[in-house]
Amino acid sequence: MAAKTTWFQTTAIDYPNSRPHIGTAFEKLGADVQARYRRMEGYDVFFLMGNDENTVKVSKRAAELGLDTQAYCDDMARQFREVWDALDISYDTFVQTSSDRHKQCCRKFIQKVYDNGYIYKGNHEGWYCPDCEEFKSDKVHGENAGNCPVHKKPLQRRSEPCYLFKLSAFADRLLAHYKENPDFIQPDSRRNEIVSLIETEGLRDINISRTGEAWGLRIPFDEEFTIYVWFDALLTYITGIGYGDNEATFRKWWPADTHFIGKDITRFHCALWPAMLWAAGEEAPKKVFGHGFVNFDGDKIGKSRAEELKKKGLEYLLEPMEIIRKFSSEAFRYYFLRECPYPSDGELSPDRFIDVYNSELANNLGNMLSREMNLVWKNYSGKLDGTADKVPEAVVTGLNLAEFVATVRGHVEGCRYNLALQAIVQDFLTPTNQYLETNAPWKLVKTDKEAAKKVLFNAVQSLRIASILLKPFIPRSAEAIYTSFNFPTPWAEVKYADATELKAQSEDLRVTAVITGDKITPLFPRIG
RNA sequence: CGCGGCGUGGAGCAGUCCGGUUAGCUCGCCAGGCUCAUAACCUGGAGGUCGUAGGUUCAAAUCCUACCGCCGCAACCA
């Protein structure tokens, strides 16, 4: 048997100086849908996530709390994973950059780049604040009349030895790479941004070392220095699959199929990262996808808005776990995937959240399951005798199932999740409700029980198809729907291809869901 | 002239790349139908000069130009 096609994807790794928020959750969700979809389609998937811990901010935060930095990082990693698990993010590995393994592997990479001649010693000159113990940008210097915005003291011009990475040497190769691989940066708007940035501003060599830090990763050839966080963070993507200590697994997965990242860090992933890899003699990743942000009232949701949200009684919006608890992880997933376009920005609105949930999950999908199951249950004791080996008829007239599935598939692969869900609801579920209305099996059953049975047999297929298509989006609910009937293919094995045609099954169609009492418990109870 | 995005009925969006059916969808509102279902479902209706002004064209929300307004980013904020 031929080896399965591999699919290696990552999300950005997060700073654990505060708990995960809606924005970081949004990123993981979009990546999760892709991972789940690829697994369904038979790919051998490896999904990497992690935390970016080797930064001064993290050690400062730990110090503020009076904690050992490592202990702090480990606890934050636990908290992050708790949220990702609650959201059913199906990652395969979670890298902590403070781990010894990651550091050792990084050092090998850095040494290699150094040996290849792409790292050299120089001087870094800039505006330094002794109290912050860090350099400030020219912009900050200019905007604050030469003072530190935090300490309100004059910034000092300072020059210190440092190591620089020859990023400038890769400008032409990067531009050529973008041109030859139009899909390397997605969506297109992000690519245009990077191309024009490099074409107009060019690339400068960057300082990749820091001095005087106790926390961080030592540069292998000069232990006095620690490495610039980005140079270490990006390496997670390869140390997590064995770079430096497991050549076989590294070769199996690299190059990455997609790095999912926020649009703000596109340049690091599209310019610095490929250059680093090339400098070490490795291939660039196949694709970088810069997703959009989630806003609230037009602005990003951050700590800075905590007070404002608290006044409105909406502080729970800052905490993904609270939203999950208040509603459910499936509702959380559905809202962001349906309402916020992954490639561009979206909006989080509590009212809209309830709106989307009620109209699409409760009233449409959930209610359809209830009514169909109930009709089969009450009128046919849960079993449609004689339907074995019968091919169901199409319910949605004018819809070519194969084309429809191809459309949804295209949206999923292009990360246009909102459009995929829109198509499923509008072009498939709503017409199924119309079909039921037109054929009124609840009325027909009184005059022609066989004809009504046929209508139900056909209509139930819509639940099968919809649940398959929805599997990457709302895995738990989709499974609940699918396993409510005795559809032949085991849930774990269904593929999008199974949704492309109406086929006969060897057994009579019957309800397999456990029904207690005489009322079916709603899958998505209305909220609000 | 730093880069980029947005402006479509009360609200939120799709459509714009590759101009062309009565400008589509969700919510809300009004009227009706149905009653199997989660007060759900279905049908119909009111409501839009598609930011403004020009231009190209037989035809423009869609292409071109200018302008107005809003918003992000600018090298450790997803």
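Procedures and definitions
Residues numbered from 1 in each chain as written. Chains lettered and ligands numbered in written order. Predicted model: local features only at pLDDT ≥ 70, side-chain atom pairs only at ≥ 80, totals over all residues. Heavy atoms only, no water. Pairing = 2+ DSSP bridges. Helix = DSSP H or I, 4+ residues; strand = E, 2+ residues; numbered from the N terminus. Phe/Tyr/Trp six-rings, centres within 6.5 Å; stacked < 30°, edge-to-face > 60°. Buried < 20%, exposed > 50% of the residue type's maximum accessible area, 1.4 Å probe, protein only. Lys NZ or Arg CZ within 6 Å of the ring centre and 35° of its normal. Axes fitted to C-alpha atoms, helices over the stretch in contact; angles between N-to-C directions. Parallel < 35°, antiparallel > 145°, perpendicular 65-115°, else oblique. Left-handed = near helix turned anticlockwise from the far one by under 90°. Contact = heavy atoms within 4.5 Å. Nonpolar A, V, L, I, M, F, W, Y, C, P; charged D, E, K, R; others polar. Near = heavy atom within 4 Å. Polar contact = N/O pair within 3.5 Å; in protein donor to acceptor, adjacent residues only side chain to side chain.

## Looking at the pairing of strand E11 (residues 222-227)
Looking at chain direction, strand E9 (residues 209-211) and E11 are connected through 3 bridges and run antiparallel. Each residue of the ladder has a partner; that of Thr211, found in E11, is Phe225. Two elements, strand E10 (residues 218-219) and E11, share 2 bridges in a ladder whose sense is antiparallel. Its bridge partner being in E11, Arg218 is matched across the sheet by Thr226. Hairpin remark: E10 followed by E11, antiparallel, with 2 residues in the connecting loop.

## Details of the packing of aromatic side chains
For the structure shown, the criterion picks out 37 aromatic pairs. Aromatic pair Phe80 and Trp84: ring centres 6.1 Å apart, planes at 70°, arrangement edge-to-face. Of the two residues, Phe80 and Trp84 both sit in helix H3 (residues 69-86), 4 residues apart, roughly one turn of that helix. The pair Phe80 / Trp84 is uniform in exposure class, with both members buried. When the ring of Tyr482 is compared with that of Trp491, the centres are 4.9 Å apart and the planes differ by 40°; the resulting orientation is tilted. The same class applies to Tyr482 as to Trp491, namely buried. Among the aromatic residues, those joined into a ring-pair cluster are Phe26, Phe260, Phe289, Phe327, Phe332, Tyr335, Phe336, Tyr342, Phe353, Tyr417 and Phe473. A cation over a ring is seen here: Lys263 above Phe293, with NZ or CZ 5.1 Å from the ring centre.

## Topic: the packing of helix H16 (residues 401-413) against helix H17 (residues 417-439)
For the pair H16 and H17, the least separation of the axes is 7 Å and the interaxial angle reads 155°. As far as their axial angle goes, H17 and H16 are roughly antiparallel. The element H16 and its partner H17 pack so that their crossing is left-handed. Contact with H16, carried on its side by Leu401, Phe404, Val408, His411 and Val412, involves Tyr417, Leu419, Ala420, Ala423, Ile424, Asp427 and Phe428 of H17 and no other residues of that element. When grouped by side-chain class, the residues that make up the contact of H16 with H17 number 10 nonpolar, 1 polar and 1 charged.

## Some details on the protein's contact with RNA strand B
The immediate surroundings of RNA strand B are formed by 54 residues, with Gly262, Phe268, Asn367, Gln426 and Lys519 found nearest. Restricting attention to atoms of RNA strand B within 4 Å of the protein, one finds that 68% of them are sugar or phosphate atoms. A distance of 3.4 Å separates a sugar or linking oxygen of RNA strand B from a polar atom in the side chain of Glu27. Contacts to RNA strand B include Glu437, whose side-chain N or O atom sits 2.8 Å from a sugar or linking oxygen. A total of 12 residues in the surface near RNA strand B trace back to one element, the largest contributor, which is helix H15 (residues 350-380). A breakdown of the residues in the surface near RNA strand B according to their chemical character gives 18 nonpolar, 18 polar and 18 charged.

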